[in-house]
Amino acid sequence: MYQEIDLDKDLSKIDINAEPPIKEPDRQYYYMAKCRERVKGFEEENGRRPCYFVQTFGCQMNARDSEKLAGILELAGFVKAQGEEADFVIYNTCTVRENANNRVYGRLGYLHNLKKKRPGMRIALCGCMMQEPEAVEKLKKSYRFVNLIFGTHNLYKFAELLAQCYETDQMVVDVWEQADQIVEELPAERKFSFKSGVNIMFGCNNFCSYCIVPYVRGREKSREPKDILREVERLAADGVVEIMLLGQNVNSYGKTFDPPVTFAQLLQEVEKIEGLQRIRFMTSHPKDLSDELIAVMAQSDKICRHLHLPLQSGSSRILQKMNRHYNKEDYLLLVEKVRATMPDLALTTDLIVGFPGETEEDFLETMDVVKKVGFDSAFTFVYSKRSGTPAAQMEGQVPEEIVKDRFDRLLKEVQEISAQKAQKLTGSVQDVLIESINDHDAALVTGKMDNNMAVHLKGDAGLIGKIVKVRLDACRGFYYYGSRVCGDTETDQDTAALPENQPPCMG
Ligand code: SAH
Ligand code: SF4
Ligand code: F3S
């Protein structure tokens, strides 16, 4: 268990018979103490503590939110379960595409069966899908076995809602239309000991015409630099070597502060934090990518040579209908500029196929940009109609067979290019942060290069969290097989003292 703040915070000093404090986060710690009391009762009755399971759907932002949910549950005394056969199950949902919603409804049927066999089990739903009134109506009507529903804006109140949900057998529903504040200093349980996401902003103001995120995540709000820096300092002191700064559009960070703070300035401050070795960020909107940011990236020793720059479409006509505020030429020029400054930069992107009104010519424009840029990798999506967004009302929804055909052609192109790109690194030596034991072969470990590509190599659990030097022996399209070379960075104390130019250390 890894925490970003003091999880041993002594909840026993809190008087749970007093009135709950008004101020946050004190109020939430009060409710965590209340929940802990209930956990004690459960333990006396059952001879074990209640267990929880958090399932995340969607993006990195949701993954980070789930760590906050887990942190609160842990502090309240719950223990982590390996699967949904748990006393408290929470699904942190996504609604960016229709199939994300369908997956949640599908899984709920399974949960219902589990609940029938497990008296006292509580089921909770939160996240982006809960911000959609139609989804909540459907759940209220047809999924009465769900105990708790809340949204994205009041996640910080989870301890309070948890306490409430254990006090009643009625469904507790608390969804807010907008955020009232950013609450700092709540616990979070990190999934990895050596890397962590860090929110720098919440919400989105861009209203790309296909996208539901601004409706379910609300208006853009940046966290204070001092709060972000304090969090990163604590993480680094706790052994975290890589952080991912998270926001829907990190390039517009800090614009509302007086005086404004730019994302590039924030990065420079984060870079100074000792112990931290790698900085990543997600996501950059091309319209706001500044020269200042490019310069800061180019000079940095810690910012990874990877830029995720969602293109969405290569057709200027479609980009305008998407409300993206750049055209094909702007995007190509931007890529030229970043590559001129950082030739080794890995570029990745997101692409949507089948946006309303997309013609074959528009699609070919996307293919053209894909070929011209040569992305290291790309996430390709079939356009999904989200009700309430402007695109849902647009004429010319593209027939399914045409979309499928375009999607297949695009995917093939993207994959061929990324395989060619990846191949270029074969034989080179790269820094790799070892993240886990390989899923398929326990004699191997898997790590990530600076450019975010995966590498498998011989090794054991002792390497996890270390940055080691690896020769890339063979490329398999999206990943590499490699072997360790001696002379690793200072994180790897065991081998740093070895003489240079040694043969690969196999294991
Ligand atoms: N804020 C990020 C993206 C967040 S959503 C950005 O602007 O880059 C992640 C990706 O999902 C988007 O980049 C887009 O490619 C895709 N997406 C969003 N809405 C979609 C929809 N309605 N249909 C299909 N793909 C969608
Ligand atoms: Fe959605 Fe556009 Fe905001 Fe990204 S920038 S979250 S695609 S509205
Ligand atoms: Fe999904 Fe919400 Fe992220 S809709 S993509 S989980 S911001």
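This structure is a prediction, so every number in the text was calculated from the model and none was measured. (Residues numbered from 1 in each chain as written. Chains lettered and ligands numbered in written order. Predicted model: local features only at pLDDT ≥ 70, side-chain atom pairs only at ≥ 80, totals over all residues. Heavy atoms only, no water.)

Engineer: Just give me the short version of the site of ligand 3, but keep the residues and values in it.
Structural biologist: Close to ligand 3 lie C59, N62, C94, T95, V96, C128, R217 and Q248. Residue composition of the shell around ligand 3, grouped by class: 4 nonpolar, 3 polar and 1 charged. (Near = heavy atom within 4 Å. Nonpolar A, V, L, I, M, F, W, Y, C, P; charged D, E, K, R; others polar.)

Engineer: Please set out helix 9 (residues 291–299) residue by residue, giving values where relevant.
Structural biologist: Residues L293, I294, V296 and M297 constitute the buried set of helix 9. Looking straight down helix 9, one finds that the buried residues subtend no more than 165° of arc, so they occupy a single side. In this fold, the buried residues of helix 9 make contact with helix 8 (263–271), strand 11 (278–282), strand 12 (306–308) and helix 11 (328–341). (Buried < 20%, exposed > 50% of the residue type's maximum accessible area, 1.4 Å probe, protein only. Helix = DSSP H or I, 4+ residues; strand = E, 2+ residues; numbered from the N terminus. Arc of directions from axis to C-beta. Contact = heavy atoms within 4.5 Å.)

Engineer: Outline the confidence of the model for the protein, listing residues and values.
Structural biologist: Residues with a pLDDT of 70 or more make up 94% of the protein, whose mean pLDDT is 92. The low-confidence segment residues 1–7, where pLDDT is below 50, has 26 contacts with residues more than four positions distant or belonging to other chains. Taken as a whole, residues 490–507 scores under 50 in pLDDT and shows 32 contacts with residues more than four places along the chain or in a different chain. (pLDDT = per-residue confidence, 0-100.)

Engineer: I'd like to hear about the nonpolar core, residue by residue, with values.
Structural biologist: In terms of nonpolar packing, the biggest core is built from 67 residues, with F263 and F281 touching the most fellow members. For F281, the residues in contact, after removing those within four places along its chain, are M244, L245, V250, F263, L267, L293, M297, I303 and L307. Counting residues in each nonpolar core, the second largest holds 36 residues, with A70, A76, F88 and V183 among its members. (Core = buried A, V, L, I, M, F, W, Y, C linked by side-chain atoms within 4.5 Å.)

Engineer: Explain the site of ligand 1 to me, and be specific about the residues and the numbers.
Structural biologist: Taken together, 15 residues surround ligand 1, and among them Q248, P310, Q312, D350 and S384 come closest. Take R97: an N or O atom from its side chain is 3.0 Å from an oxygen atom of ligand 1. The backbone of S384 places a nitrogen or oxygen atom 2.8 Å from a nitrogen atom of ligand 1. In isolation ligand 1 offers 540 Å² of accessible surface; the protein chains occlude 90% of this area. Contributing elements (two or more residues each) for the shell around ligand 1: strand 13 (346–353) and strand 14 (377–382). Residues that form the shell around ligand 1 fall into these classes: 7 nonpolar, 4 polar and 4 charged. (Polar contact = N/O pair within 3.5 Å; in protein donor to acceptor, adjacent residues only side chain to side chain. Areas by Shrake-Rupley, 256 points an atom, 1.4 Å probe, with all protein chains shown as cover.)

Engineer: Before we move on, could you go through the packing of aromatic side chains and cite the residues and values that matter?
Structural biologist: Counted by the stated rule, this structure contains 19 aromatic pairs. Summarising the aromatic geometry, the rings of Y143 and F145 are spaced 6.0 Å apart at their centres and angled 55° between planes, so their arrangement reads as tilted. Residue classification places F145 among the buried residues on the basis of a relative accessible area of 13%. When the centroid spacing of 6.4 Å and the interplanar angle of 90° are considered together, the rings of Y210 and F355 count as edge-to-face. Of this pair, Y210 sits in the loop between strand 8 (201–202) and helix 6 (213–217) while F355 sits in the loop between strand 13 and helix 12 (360–373), placing them 145 residues apart in sequence. Through a chain of ring-to-ring contacts, three or more aromatic side chains come together here, namely F78, F88, F150, F158 and Y166. Over the ring of F381 we find R97; its NZ or CZ atom is 3.8 Å from the centre of that ring. Its end group placed over the ring of F192, K195 keeps NZ or CZ at 4.8 Å from the ring centre. (Phe/Tyr/Trp six-rings, centres within 6.5 Å; stacked < 30°, edge-to-face > 60°. Lys NZ or Arg CZ within 6 Å of the ring centre and 35° of its normal.)

Engineer: Please set out the pairing of strand 18 (residues 467–475) residue by residue, giving values where relevant.
Structural biologist: Here strand 15 (residues 429–437) runs beside strand 18; their pairing, made up of 5 bridges, is antiparallel. Residue pairing across strands places D431 opposite K469, the latter belonging to strand 18. In terms of strand pairing, strand 18 meets strand 19 (residues 479–484) through 5 bridges, oriented antiparallel. Each bridged residue has a counterpart across the sheet, and for L472 the counterpart in strand 19 is G482. Joining the antiparallel neighbours strand 18 and strand 19 is a turn of 3 residues, in which G477 adopts a positive phi near 85°. (Pairing = 2+ DSSP bridges.)

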